[in-house]
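# Coordinates in review
The chain contents come next:
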Amino acid sequence: MKVMFEKTESMTDAKSIYCPGCNHGLIHRLVAEAIDKLGVREKTYGVAPVGCSVLLYDYFNFDVVEAPHGRAPALATGAKRVRPDMVVFTYQGDGDLASIGMSEIIHAAGRGENITVIFVNNANYGMTGGQMAPTTLLGQKTTTTPMGRDTKSHGFPFRMAELIGSLPAVAYSTRVKVTDPKNVMKASKAILKAFENQVNDIGFSFVEVLSTCPTNWGMTPVNALKFVDEQMESYFPLETFKDIQRGE
């Protein structure tokens, strides 16, 4: 009998603590599948910062270390330079990567460090109560913007995949979402490519994943998926902004 689905070796059996409807578990699965396909689990090293991903080590069946808030790219840089044979990745949220960690991610990308970055954008600080993040949409209500984000007081949301893709040393920068099977497959291919680039020593690869946060958004899981499709994607378009293998 042909096996159609089986347990991913790079994931543990730990019970998820993520909120119902959160996409983190699905994105974890896509990362684990990419590592399994490449056969690099025994030499993979994940870096988790402060945020919803803080307990990353519970879910992955390989070495994971925690970094101070926003500093995951710096820690990953050090690990990769000391052990260039390792496959090193960071898994970061928008509050972590695009706020306190903005300097770290920009400089790591600017240097073209041969690491992989998985950036989960759910438009708020998910772990600490739903405050406004650098990616919070205009007009979006959060615990710190109860009247909605406005440009005069808060500026515009950062489009990180575009920003990273504009840097000359970056090999790959793309944005995907995981709201339906078709887009999950596209996200899977993007994440696999980001890891393949590192294995092939091509350079810095960045995958932004638009994700839900039903609890802090005050929505049902179904409506949260619709919010990603109907609101987030209009400001954060799904596109590949840099792919040096395509000559872009």
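You'll find the structure just up there.
For clarity, every value in this text was computed on a predicted model and none was experimentally measured.

Reading guide: rules and limits
- Residues numbered from 1 in each chain as written.
- Predicted model: local features only at pLDDT ≥ 70, side-chain atom pairs only at ≥ 80, totals over all residues.
- Heavy atoms only, no water.
- Buried < 20%, exposed > 50% of the residue type's maximum accessible area, 1.4 Å probe, protein only.
- Helix = DSSP H or I, 4+ residues; strand = E, 2+ residues; numbered from the N terminus.
- Arc of directions from axis to C-beta.
- Contact = heavy atoms within 4.5 Å.
- Pairing = 2+ DSSP bridges.
- Axes fitted to C-alpha atoms, helices over the stretch in contact; angles between N-to-C directions.

Right, let's get into helix α4 (residues 102-111). Three or more residues of α4 are buried, namely Met102, Ile105, Ala108 and Ala109. Across the axial projection of α4, the buried residues extend over an arc of 145 degrees, all falling on one side. On its buried face, α4 is in contact with α2 (72-82), β3 (87-93), α3 (94-100), β4 (116-121), α6 (160-165) and β6 (205-210). In the segment just after α4, glycine 112 is the residue with positive phi, at about 70 degrees.

This brings us to the sheet that holds β4. Pairing is mixed in the open sheet, where seven strands are placed in the order β2-β1-β3-β4-β6-β5-β7. Either end of the sheet is taken by a strand with one partner, and the two such strands are β2 (63-66) and β7 (240-243). Strand-to-strand twist in this sheet, taken as the mean axis angle between neighbours without regard to direction, amounts to 20 degrees. As defined by bridge partners, strand β5 (residues 172-177) adjoins β6 across six bridges and the pair is classed as parallel. From the neighbouring strand, threonine 174 faces β6, where its bridge partner is valine 207. On the sheet, helix α7 (residues 181-199) packs against β3, β4, β5, β6 and β7 and is oriented at approximately 160 degrees with respect to β5.

All right, on to the pairing of β4 then. Of all the six residues making up β4, six are buried; the element is thus mostly covered by neighbouring parts of the structure. Two strands pair when backbone bridges link them, and β3 and β4 are joined in this way by five bridges, in the parallel orientation. Counterpart to glutamine 92 in the pairing with β4 is phenylalanine 119.

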